[in-house]
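Structural overview for review
For reference, the chains in residue letters:
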Amino acid sequence: MKSPGPVLLVENLHKSFGGVAAVAGVSFALDAGEMLALIGPNGAGKSTCFNMLSGQIRPDSGAVMLNGEAVGGMAPRAIWRRGVGRTFQITATFASMTVRENVQMALISHHHRLWRSLRPARRLFVAEAEALLGPVGMAEQAERAAGELAYGDLKRLELAIALAHAPRLLLMDEPTAGMAPAERGGLMALARRLANARDIAVLFTEHDMDVVFGIADRILVLDRGRLIAEGSGAEIRADPRVRAIYLGSGETSGGH
Amino acid sequence: MDALAVSLLTGLADAASLFLVASGLTVIFGVTRVVNFAHGSLYLLGAYIGWSLLTRLPHSPLGFLLGALATIIALAVIGMALEMALLRRVYRVPELFQLLATFGVVLMVQDIAQYFWGAEDLTLPRPPWLRAFVLIGNQRFPRFDLVIIILFPLVFGVLWLLFRRTRWGRLVRAATEDREMVAALGVDQRRLFTSVFALGAGLAGLGGVLALPDASANLQMDLSSVTDAFVVVVVGGLGSLPGAALASLLIGLLQSFGIMLIPRATLALVFVVMAVVLILRPNGLLGRPISGSGGGTPALVRPAPMALRAAGGAALCAALLAPFYLGDYALAIATEMLIAMLFAASLHFMMGPGGMASFGHAAWFGIGAYASAFAAHLLAAPMPLGLALAPLAAGVLAVAFGAFVVRLSGVYLAMLTLAFAEIAWAIAFQWVDLTGGDNGILGVWPAPWAAGPRGFYWLALGVTVGGTLALRHLLATPFGYSLRGARDSRLRAEAIGIPAARIQLAAFTLAGAAAGLAGGLYAYAKGSVFPTYISLGHSVDALLMVLLGGVATMSGPILGALAYTGLYDLLLAATSLWRLVLGAAIIVLVLAFPEGIAGAILRLWTRLRPA
Ligand SMILES: Nc1ncnc2c1ncn2[C@@H]1O[C@H](COP(=O)(O)OP(=O)(O)OP(=O)(O)O)[C@@H](O)[C@H]1O
Ligand SMILES: [Mg+2]
């Protein structure tokens, strides 16, 4: 089953917005079952990296290899079909649908029923959707409108949506923003279990350093579009450049 | 050579007049994000108030100047009053309902103007200084138009300085670029919005006064001017003042040279230009993507409650039996209502769940009607075939044109549909050999079994109910959900493999085909087709029906069509001031039930019955 080589290989990725280099030469690899954290101060280029990996932004240059296939510049849909699920920093869900229907839509699309089925959508893949909502703790809210959820719950829903097509690679942009500190650990522990059990490669950004150091196998540090450090939690904590950009402290809370 | 020079000057004068109205519209939109249909009414009021002042003042240049200044001030005050009394209350409702409210103002102002100034066109006495010409070679050019031309750079320059050099202007620009930021800065938005409105209204008033010497004050000038102004604003890029200036120049010159080169294409030319610009530049010439337009999260859509279904079933039974208790005349009215329902339902399909509002939905209705008429005349086709060709023709054209439409969004999208409808209208109107022009095509008779009022009523009922239920069912399928998903969050849709543009194109095509079917029915119901089926007024009818009923569920357009046609017929019979009453009713509805009639009923229902 497991293909040789990393699930994701990123080489020398670049993106500028009107002369401002948001991402300037980022390279890294990510293996199946591994949890990699991408950290850095606000505006470092983390979300821009994510958007290039999942197709929302076309890279200026550089390569994105997914299981050995070059996917850089492909449309989000094409990349999703190849097994990449993601959550957004500013959540994106279907506000006029229930929580369950949001997940059902991902399942319907995954099973190629968008055009082919004339049955009511809310009757399709009900059990599968509930099975995805349970682990993220959204089962009780399945009937609620996504448009009226609390922010932390939207993040949970997004995770369920991202998992609907059994992804090989999961991208989570600030998955625990808006949650109480106690809930953060739980959600990330879930991601950890999934990564292990299903061999999913996980890349995530996070401002809560306790979460990062507690859960990540490896950490990348981005500053002004460049990777300035890479290593285990202990290595990153000890790195003087990292300490410098985080004002000489192991900062703990989201710095907005 | 001289003729060219005169054409150039005529074009510049046209451009200047366009700019006066469009500049106010674009600044107002930029700051408040309100699609202000009533801007043309301000222009109309400018002309009428200006007429009243100028006929009383000395007929000298100084008198004209004073009258124009007084008109500007009067309109600025009216604009402020309008903003404070109405628009301020609708900034938070979805943008289409703002449009609906401003359309209510349009209707009211029409009747108010008619009440005070009468239905006749009003012209100014023309003293010698107004009649004067300058000679360009051997061609004569009105001297007054030179004044208008000079006003163009003058007004543009003053506005430019106002926006660049004053604190107020910087706030206006900041609000145009990023409303949230200005709100966060703690600027008094109310005063900013009110003052912007006053400025825009004053400019519209100036435009109205200046239209008097060459033309007249008349009751049609509101819609014609606001359509032109919207074209300019959209071509230039919403909210962009330089864009509006550039687009005014482009369109003014194209119009005056267009008349010389291709006289037959004049009606459509402006809209062809707009369509081309929008296809090439989805945000207009100098526009940028709009941030933060419209308000509100879309409401949760649930399957209809049992009681509503039962009510629908009962209504259907009553409708089925109608020929047994209604007279022929009432049946004919009911048939028209049914066709209006299908027409409204088809617009709702793309506009509610699809999020694609259209200002030109009558195009598909008209194409369907003409397709049936051609089938009857050129092919001598029997009615079933003629009826089948209507949605087919509309659908084929909709899929071709929709490919461009779905690349746009919001007002740009709506204006591109308007462009198409106006082009279609111009063809119907001007290609006399084929369409009979204004005289239309007569003698489109239904099959013998449907020739009587009863037979045709049942036919219309079957087609309307079938068509509406089919659309309704589609909304519940994965396709319909995908359509709604693409509206709620295109980002999320694409991120789970939903091809948003293709889904929207399919919906646009279906909506066009269904409207075409309604048009085909209408052709056989009336026995004739006319260019007015494609007119802007007819598109607006559809828009009003959907918005009145509510965009959230399919019951909206049905109730809306009933309410609108019913209200319309009632008012027409009851009062000569029906526009005033209808406009006021629309405004009250928007303020009291921003979710439409169906939405209000549903809300009441859920409140009375705790789940
Ligand atoms: N669409 C865009 N247009 C212009 N500039 C952009 C755009 N998106 C991002 N940027 C800029 O690129 C830089 C990187 O932004 P990015 O959102 O990737 O940072 P980030 O690391 O995710 O920050 P945060 O922690 O705040 O989420 C920033 O300077 C940002 O202003
Ligand atoms: Mg980010």
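Residues numbered from 1 in each chain as written. Chains lettered and ligands numbered in written order. Predicted model: local features only at pLDDT ≥ 70, side-chain atom pairs only at ≥ 80, totals over all residues. Heavy atoms only, no water.

1. Observations regarding the interface of chain B and chain A
By a frequent convention, interface size equals the accessible area lost on bringing the separate parts together. As a reminder, the rule being used: In this analysis, two residues are considered to be in contact whenever any of their non-hydrogen atoms come within 4.5 Å of each other. A simple way to read buried area is as the amount of 1.4 Å-probe accessible surface that goes missing from two parts once joined, with both sides added. Each salt bridge in this description consists of a side-chain nitrogen of Lys or Arg and a carboxyl oxygen of Asp or Glu lying within 4 Å of one another. As used in this structure description, the phrase polar contact means that two N or O atoms lie within 3.5 Å; if the pair is within protein, one of them must be able to donate a hydrogen and the other to accept it, and residues adjacent in sequence are counted only when both atoms belong to side chains. Helix and strand definitions follow DSSP, with helices as H or I runs of at least four residues and strands as E runs of at least two, each counted in order from the N terminus.
Opposite the 32 residues of chain B that make contact, chain A presents 35 residues. Between chain B and chain A, the buried area comes to about 2800 Å², and carbon and sulfur atoms account for 66% of it. Along the contact surface separating chain B from chain A lie 4 salt bridges. Linking Arg302 of chain B and Glu101 of chain A is a salt bridge whose minimum nitrogen-to-oxygen distance equals 2.6 Å. Here chain B is connected to chain A by 16 residue pairs in polar contact (both at pLDDT 80 or more). Examining the composition of the side of chain B that touches chain A, we find that 8 residues originate from one element, helix 20 (residues 478-488) of chain B, more than from any other.

2. A look at a nonpolar patch on the surface
Residues and elements named next belong to chain B. Filter applied, for reference: Every patch collects residues that have over 30% relative accessible area and no salt bridge, joining them within 9 Å if they carry like charges and within 5 Å if they are nonpolar side chains (Val, Leu, Ile, Met, Phe, Trp, Tyr). Throughout, the Shrake-Rupley method with a 1.4 Å probe supplies accessible areas, and for residues the shown protein chains are the sole cover considered.
On the surface, a cluster of nonpolar side chains totalling about 670 Å² of accessible area is made up of Leu316, Leu320, Leu321, Phe324, Tyr325, Leu326 and Trp458. The dominant element in the nonpolar patch, judged by the number of residues it contributes, is helix 13 (residues 306-325), at 5 residues. For Leu321, the location among the structural elements is in helix 13.

3. Details of unusual backbone geometry
Residues and elements named next belong to chain A. Backbone geometry places His112, a non-glycine residue, at a positive phi of 55 degrees. Turning to its location among the elements, His112 is positioned in the loop between helix 3 (99-110) and helix 4 (126-133). Not every positive phi belongs to a glycine, and Glu174 is a case in point at roughly 50 degrees. Structurally, Glu174 can be placed in the loop between strand 7 (169-173) and helix 6 (181-198).

4. Some words on the coordination of the magnesium ion (ligand 2)
By definition of the ideal shapes, four donors in a tetrahedron about a metal sit 109.5 degrees apart, and six donors in an octahedron sit 90 or 180 degrees apart. Residues and elements named next belong to chain A. Inclusion rule: Excluding water, the donors of a metal are its N, O and S neighbours within 2.8 Å, or within 3.2 Å for Na, K and Ca, and that exclusion means sites may look incomplete. Burial here depends on accessible area, computed with a 1.4 Å probe over protein chains only, as a share of the maximum for the residue type. Under 20% is buried, over 50% is exposed, and the range in between is partly exposed.
Bound to the magnesium ion (ligand 2) are the protein donor atoms Ser47 (OG) and Gln89 (OE1), situated 1.9 to 2.0 Å from the metal. Highlighted residues: Ser47 in helix 1 (residues 46-54) and Gln89 in the loop between strand 6 (84-87) and helix 3, separated in sequence by 42 residues. For Ser47, a relative accessible area of 23% corresponds to the partly exposed category. Given a relative accessible area of 28%, Gln89 falls into the partly exposed group.

The analysis is restricted to geometry; functional conclusions fall outside its scope.
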